[in-house]
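A closer look at the structure
One letter stands for each residue in the lines below.
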Amino acid sequence: MCLVDSSTSIDIDSADLGTRYICLDCNTKFRGIGKKVKCPSCESVNVKKI
Ligand SMILES: [Zn+2]
């Protein structure tokens, strides 16, 4: 089976755009990629995956 054409579906799951985190200090929700994720608002590393 080799059905490659222009109808290739694009499955962009939200997980591909980065993991969602919430800052435990200021409650900002944001997306982060990588292991060291900082809050974009207060630059805290006190974040949690959601
Ligand atoms: Zn924060």
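Residues numbered from 1 in each chain as written. Predicted model: local features only at pLDDT ≥ 70, side-chain atom pairs only at ≥ 80, totals over all residues. Heavy atoms only, no water.

Side note on the pairing of strand S2 (residues 29-32)
Residues Phe 30 and Gly 32 line the buried face of S2, whereas the alternating positions Lys 29 and Arg 31 sit on a face that is not buried. Where strand S1 (residues 19-23) lies against S2, four bridges are found, and the strand directions are antiparallel. The residue bridging Thr 19 from the neighbouring strand is Gly 32, located in S2. Hairpin connection of S1 to S2: five residues between the antiparallel strands, including Asn 27 at a positive phi of 65°. (Buried < 20%, exposed > 50% of the residue type's maximum accessible area, 1.4 Å probe, protein only. Helix = DSSP H or I, 4+ residues; strand = E, 2+ residues; numbered from the N terminus. Pairing = 2+ DSSP bridges.)

Some words on the confidence of the model for the chain
When pLDDT is averaged across the chain, the result is 82; 68% of the residues are at 70 or more. Ranking the helices and strands of the chain by mean pLDDT puts strand S3 (residues 47-49) first, with 96, and S2 last, with 94. (pLDDT = per-residue confidence, 0-100.)

Re the nonpolar core
Counting residues in each nonpolar core, the largest one holds six residues, listed as Tyr 21, Cys 23, Phe 30, Val 37, Cys 39 and Val 47. For Cys 23, the contacting residues outside a window of four places in its chain are Thr 28, Phe 30, Cys 39, Cys 42, Ser 44, Asn 46 and Val 47. (Core = buried A, V, L, I, M, F, W, Y, C linked by side-chain atoms within 4.5 Å. Contact = heavy atoms within 4.5 Å.)

Remarks on the pairing of S1
When S1 meets S3, the two strands line up antiparallel, connected through three bridges. Paired with Ile 22 across the bridge in S3 is Lys 48.

Topic: the environment of Ile 50
You can see Ile 50 is positioned in the segment after S3. With relative accessibility at 48%, the residue Ile 50 sits in the partly exposed group. When the C-alpha positions of Ile 50 and Thr 19 are compared, they lie 8.0 Å apart, and in sequence the two are 31 residues distant. Look past the residues within four positions of Ile 50 in its chain and what remains in contact with it is Arg 20, Tyr 21, Ile 22 and Lys 29.

Quick notes on the packing of aromatic side chains
Given two aromatic rings, their pairing is described by the distance between the two centres and the angle made by the two planes. Inspection of the entire model under this criterion finds one aromatic pair. Between Tyr 21 and Phe 30, the aromatic rings sit 6.0 Å apart at their centres with planes inclined by 20°, giving stacked as the arrangement. By relative accessible area, Phe 30 is classed as buried at 10%. (Phe/Tyr/Trp six-rings, centres within 6.5 Å; stacked < 30°, edge-to-face > 60°.)

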